Amino acid sequence: MTDTALAPPMTRSAGVDFDSTEARELLKRRYRAEARFKALGLLAVLVTAAFLAFLLVDILRKGIPSFFEHRATLTVNFDAALIDPKGTRDPADLREGDYQALVRAALQSQFPEAQDRRTRRALDGMISSGAVDDLRQAVLANPGLIGQSRVMPLLFSSDADLFLRQRDTLITRRTGSGPLRVEGESNAVTLRGGGAAFRAALAESKTFLAERRRALLAELATLPAAGSNAGVDTKRTELEQAAASIQARIADANAPETLTDREPSLLVAIGDGILKITEIGANEAKATTLIAPKPGSIITEWSLLTLRVPETNRRVNDNVSAWLEILAQRGLTERAFNARFFQNGDSREPELAGIRGALIGSALTLMVTLLLCVPIGVAAAIYLEEFAPKNRFTDLLEVNINNLAAVPSIVFGLLGLAVFLNAFDLPRSAPLVGGLVLALLVLPTIIIASRAALKAVPPSIKEAALGVGASHQQAVFHHVLPLAMPGIMTGTIIGMAHALGETAPLLMIGMVAFIVDIPGAITEAATVLPVQIFLWSDLPELAFQSRTAGAIIVLLGFLLVMNAAAVILRRMFERRW
Amino acid sequence: MNDIAPLAVPPEQADAPRPKITARNINVHYGEKHALKDVSVDVPEKGVMAFIGPSGCGKSTFLRCINRMNDTIPICRVTGDLRMDGRDIYEPGLDPVLLRARVGMVFQKPNPFPKSIYENVAYGPRLHGLAGDKTEIDEIVVSALKKASLFEEVKDRLKDSGTSLSGGQQQRLCIARAIAVRPQVILMDEPCSALDPIATAKIEELIDELRTNFTIVIVTHSMQQAARVSQRTAFFHLGKLIEDGVTDQIFMNPRHELTRNYITGRFG
Ligand SMILES: Nc1ncnc2c1ncn2[C@@H]1O[C@H](COP(=O)(O)OP(=O)(O)OP(=O)(O)O)[C@@H](O)[C@H]1O
Ligand SMILES: [Mg+2]
């Protein structure tokens, strides 16, 4: 009667013959298709994994350095005459003190020979203005420091920091061979080394010349044919002459070379001093003094530093390079965790710029979004799925919600601009408005996901509840909703992750402004992580590149924390049964 | 199928006793489809009545009229006069929620809530405020589980999930859940169709015990089961009630040709 379903499916009258070649062939084909599918799937997974790994490695490599900073550990004399001239110890007065002078004095005590104004300004420029603020904070926190001398960490400027990371130029160090005789002083020093002390360095600068010649020839090759244009012809002869003269210099391997700021710099470190070579031969070099070494005419221990990038192309000149080199040599530099990156808001100075402002901005914005989206989205989904009558109107509603999920996000930004800012006059750049806009953006996603989750609950559960006399609403809220909760939360977290990464609509409502202060409320001006990344990635300074990557790491971390929280919440909900 | 002897019908119940449910000219439409046509039948109090008939003849539909479960289907329209204890079930003032507290239901596939065994049974009484405090609920849960002859098997694992039980145990849990609300009528829609013979035998025994306190209406596709557990039987065919009467009479001596053919297995 009802057992017809158990009847064997009708095949050929003889059924399947295990041993026939046809059956084997069919089987083989089936296995081949299976293997093909498996291989393709594996390939897809591998390709995706490779891309992901590449992305992660690249971002980590670029971003991790931004979590560290370089500092000079100098002895600072908290001179009362400079920071508290009135002697009141009143915080208001202490705040006004000349802390820059403390930094200047600390540097001066290290490099007393820096006397003229330009050199001194360059010396001061090594230390970030953040160090001055740090000293002020230290004194305000502990006025007992006044009058004392303390070793303080002073943050380097971003240029000095880049130099110390060897991002400004590659530095190679070579220990000098044989004793070196030093004659003359200050700007006219002659270094004589026996046994071709400078041969290797000379050869190196010739190699550099060869490179430059190749570049000239390459440029020549791009010029149009001779005789077409008078201007081009003069250019051609110029290039040809330059290449020929370089060729002559290269040809004589022992001819001395004059080093200008357009060639790699060669510095000689002698004890506690540094000289800069201006002319180099195989055995002899002329140099100027950057930092005077201890007097003495024959030196046995010395080393040769090559800064690969010519001085004109560097952010840090030879003078500052020498100071940094000596500071490092004296053990007065340190690399430390960059807490500032997580404590500061945005800044024009790369070494002071932090993501705290954007992080808090993102958190506040997402909070607004979450508080709006989840109740409204879930309520809408429950109503549409469980209570709404099925008619034209609800059909229309459903279609529109689905369409809304596909509307480009920038449109929501324009809507926010027109409605929340212009019509309602809400504050510009505020997380409140950002949250509202993102809520609009995410609502369709949450509604659709929640409806799917509700629909996936087996109807037998609802029938069971109705069967023992639960009302429709009780059945939904006691049984269907809890079962749909994990799915709803997955949808919510997808929506929130989407909102966290959204940039375009927030640009429209002014969250793209340069905001230094860390927002304390949802109505204060703020920016968010992706917008901060967008802003930094646009800046020309090399130092901001690593900040950008660092901010991306923080954004990914934020996302990871959010997803982890969602997984934990899901577990909690699921374990109830 | 199994070795349980047909249950004898006590002579005092052989003749139709006082009806619990009376249905007159019930018509049900699902949209255009006319699923039940002029069904009139009496369900006697304290006893088991079986509905039999070929698939799609409207047995479930009629069962779901009795606890107004059909109200949840928007396209379903019920007309006619359906009374329980003389009171119109479909009168506008009667809330189906209260009706369902009086008329429990057990479904074809066991559908315990994905909660603990205890919570499954306690849910109904809590919902209807049948117990004041925790101890009262405990009592109701234990007695319902005992009546459903499940208590001995689960007394040490009341905190375990209801879905962790075997199919037969789950179905008895569903019966306990229905009993816990203290209904007067229990509707069972093919309660054993997903169970093996041993679990089926247990449920049948249970039904036989329950009939002293409850009015039971059971839909079944198994002729033997109908003969074993019921005192009265109604035969449906293509939305019509062909005949109803004392089970023995229906099986031994059917009045109608269609009934005879169905019982003897001449059509399905
Ligand atoms: N929700 C519904 N919507 C539309 N038609 C329905 C619905 N439920 C049942 N029907 C129709 O009503 C008729 C009776 O169905 P019903 O479920 O009562 O049959 P049944 O006797 O219980 O069958 P079975 O023994 O297979 O369970 C069938 O023709 C079916 O197609
Ligand atoms: Mg049915």
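Residues numbered from 1 in each chain as written. Chains lettered and ligands numbered in written order. Predicted model: local features only at pLDDT ≥ 70, side-chain atom pairs only at ≥ 80, totals over all residues. Heavy atoms only, no water.

Here's the deal with the overall build of chain A
Next, step 1: Helix and strand counts for chain A come out as 20 helices and twelve strands.
Next, step 2: Across its three principal axes, chain A shows a C-alpha extent of roughly 115 × 85 × 55 Å.
Next, step 3: Sequence-distant contacts in chain A: of pairs separated by 6 or more residues, those separated by 24 or more amount to 74%.
Next, step 4: If you sum the accessible surface of chain A, you get close to 30,200 Å²; carbon and sulfur atoms cover 61% of it.
Next, step 5: For chain A, the centre of its 58 positive side-chain charges and the centre of its 57 negative side-chain charges are spaced 5 Å apart. (Helix = DSSP H or I, 4+ residues; strand = E, 2+ residues; numbered from the N terminus. Contact = heavy atoms within 4.5 Å. Areas by Shrake-Rupley, 256 points an atom, 1.4 Å probe, with all protein chains shown as cover. Lys, Arg positive; Asp, Glu negative; His and termini not counted. Charge placed at Lys NZ, Arg CZ, Asp CG, Glu CD.)

A word on the site of ligand 1
Residues and elements named next belong to chain B.
Next, step 1: Every one of the 14 residues lining ligand 1 counts as a neighbour, but Ser 55, Gly 56, Lys 59, Ser 60 and Thr 61 are closest to it.
Next, step 2: Within the side chain of Lys 33, a nitrogen or oxygen atom sits 3.4 Å from an oxygen atom of ligand 1.
Next, step 3: Elements with a minimum of two residues in the shell around ligand 1: β2 (33–44) and α2 (59–66).
Next, step 4: The dominant element in the shell around ligand 1, judged by the number of residues it contributes, is α2, at three residues. (Near = heavy atom within 4 Å. Polar contact = N/O pair within 3.5 Å; in protein donor to acceptor, adjacent residues only side chain to side chain.)

Here we look at the sheet that holds strand β6 (residues 103–106) of chain B
All names here are of chain B.
Next, step 1: As summarised here, the arrangement of the six strands in space is β6-β7-β8-β3-β9-β10, forming an open sheet in which the pairing is mixed. The open sheet has two edge strands with one neighbour each: β6 and β10 (240–246). On average, each strand axis in the sheet is tilted by 15° relative to the strand beside it, whichever way the strands run.
Next, step 2: Inspection of the sheet shows strand β9 (residues 232–237) paired to β10 by six bridges, in the antiparallel sense. Looking across to β10, one finds that Phe 236 is bridged to Leu 241. (Pairing = 2+ DSSP bridges. Axes fitted to C-alpha atoms, helices over the stretch in contact; angles between N-to-C directions.)

Side note on helix α5 (residues 117–125) of chain A
Residues and elements named next belong to chain A.
Next, step 1: Taken as a whole, α5 has its buried residues at Thr 119, Leu 123 and Asp 124. Buried residues along α5 cover an arc of 140° about the axis, so they all sit on one side. Pointing more than 90 degrees away from the buried face of α5 are the exposed residues Arg 117, Arg 118 and Arg 121.
Next, step 2: Check the buried side of α5 and you find it contacts α4 (99–110) and α10 (318–329). (Buried < 20%, exposed > 50% of the residue type's maximum accessible area, 1.4 Å probe, protein only. Arc of directions from axis to C-beta.)

Description of the sheet that holds strand β5 (residues 87–88) of chain B
Residues and elements named next belong to chain B.
Next, step 1: What the four strands build is an open sheet, ordered β2-β1-β4-β5; its pairing is antiparallel. One side of each edge strand has no neighbouring strand; the edge strands of this open sheet are β2 and β5.
Next, step 2: Relative to strand β4 (residues 76–84), strand β1 (residues 19–30) is paired through eight bridges, and the arrangement is antiparallel. Bridging from a neighbouring strand, Tyr 30 pairs with Cys 76 of β4.
Next, step 3: Strand contacts of α2: β1, β2 and β4, with the helix running at about 120° to β1, the strand carrying the most contacts.

Examining the interface of chain B and chain A
Next, step 1: Taken together, the contact between chain B and chain A spans 22 residues of the former and 17 residues of the latter.
Next, step 2: Buried area between chain B and chain A, both sides added, is near 1,800 Å², and the carbon and sulfur share of it is 68%.
Next, step 3: When the buried surface of chain B facing chain A is broken down by residue, Phe 113, Pro 114 and Tyr 123 of chain B rank first, second and third, together holding 27% of it.
Next, step 4: Connecting chain B to chain A are one salt bridge.
Next, step 5: The shortest N-O distance in the salt bridge between Arg 64 of chain B and Glu 463 of chain A comes to 3.3 Å.
Next, step 6: Of all the secondary structure elements, the ones that give two or more residues to the side of chain B that touches chain A are α3 (96–102), β6 and α4 (117–127) of chain B.
Next, step 7: When its residues are assigned to classes, the side of chain B that touches chain A shows 13 nonpolar, five polar and four charged. (Buried area = accessible area lost by both parts, 1.4 Å probe. Salt bridge = Lys/Arg side-chain N within 4 Å of Asp/Glu carboxyl O. Nonpolar A, V, L, I, M, F, W, Y, C, P; charged D, E, K, R; others polar.)

Structural notes on the environment of Thr 48 of chain A
Next, step 1: Structurally, the position occupied by Thr 48 of chain A is in helix α1 (residues 21–63).
Next, step 2: A sequence separation of 334 residues divides Thr 48 of chain A from Ile 382 of chain A, and the C-alpha atoms of the two residues are 37 Å apart.

A word on the environment of Val 567 of chain A
Next, step 1: As for its placement among the helices and strands, Val 567 of chain A is situated in helix α20 (residues 542–575).
Next, step 2: Between the C-alpha atom of Val 567 of chain A and that of Leu 535 of chain A, which follows or precedes it by 32 residues, the distance is 32 Å.

Observations regarding the pattern of salt bridges
Next, step 1: With the rule as written, the count across this model stands at 45 salt bridges over all chains.
Next, step 2: Salt-bridge contacts for Glu 311 of chain A lead to Lys 276 of chain A; the nearest nitrogen and oxygen are separated by 3.1 Å. In this pair, Glu 311 of chain A sits in the loop between β11 (302–307) and α10 while Lys 276 of chain A sits in strand β8 (residues 273–280), placing the two residues 35 residues apart along the sequence.
Next, step 3: Owing to a relative accessible area of 18%, Glu 311 of chain A belongs among the buried residues under this scheme.
Next, step 4: Among the salt bridges present, the one from Asp 85 of chain B reaches Lys 20 of chain B, with a minimum N-O distance of 2.9 Å. One end of the pair, Asp 85 of chain B, is in the loop between β4 and β5; the other, Lys 20 of chain B, is in strand β1, and 65 residues separate them in sequence.
Next, step 5: You can call Asp 85 of chain B partly exposed: its relative accessible area is 39%.
Next, step 6: The class of Lys 20 of chain B is buried, set by a relative accessible area of 4%.
Next, step 7: Linked by salt bridges that have partners in common, Glu 69, Arg 71, Asp 134, Glu 334 and Arg 340 of chain A make up one network.

Here's the deal with the packing of aromatic side chains
Next, step 1: Under the definition given, this model contains 15 aromatic pairs over all chains.
Next, step 2: Taken together, the aromatic side chains of Phe 67, Phe 68, Phe 337, Phe 341, Phe 342, Trp 536 and Phe 544 of chain A make up a single cluster linked through ring pairs. (Phe/Tyr/Trp six-rings, centres within 6.5 Å; stacked < 30°, edge-to-face > 60°.)

Considering the confidence of the model for chain B
Atom-level detail of predicted coordinates should not be read off regions where pLDDT is low.
Residue and element names in this part refer to chain B.
Next, step 1: Counting all residues, the mean pLDDT for chain B is 86, and 93% of those residues have values of 70 or more.
Next, step 2: Averaged pLDDT values for the elements of chain B fall to 43 in helix α1 (residues 11–14) and rise to 93 in strand β8 (residues 215–219).
Next, step 3: Across the interfaces of the predicted complex, the ipTM metric reaches 0.87, alongside a pTM of 0.79. (pLDDT = per-residue confidence, 0-100.)

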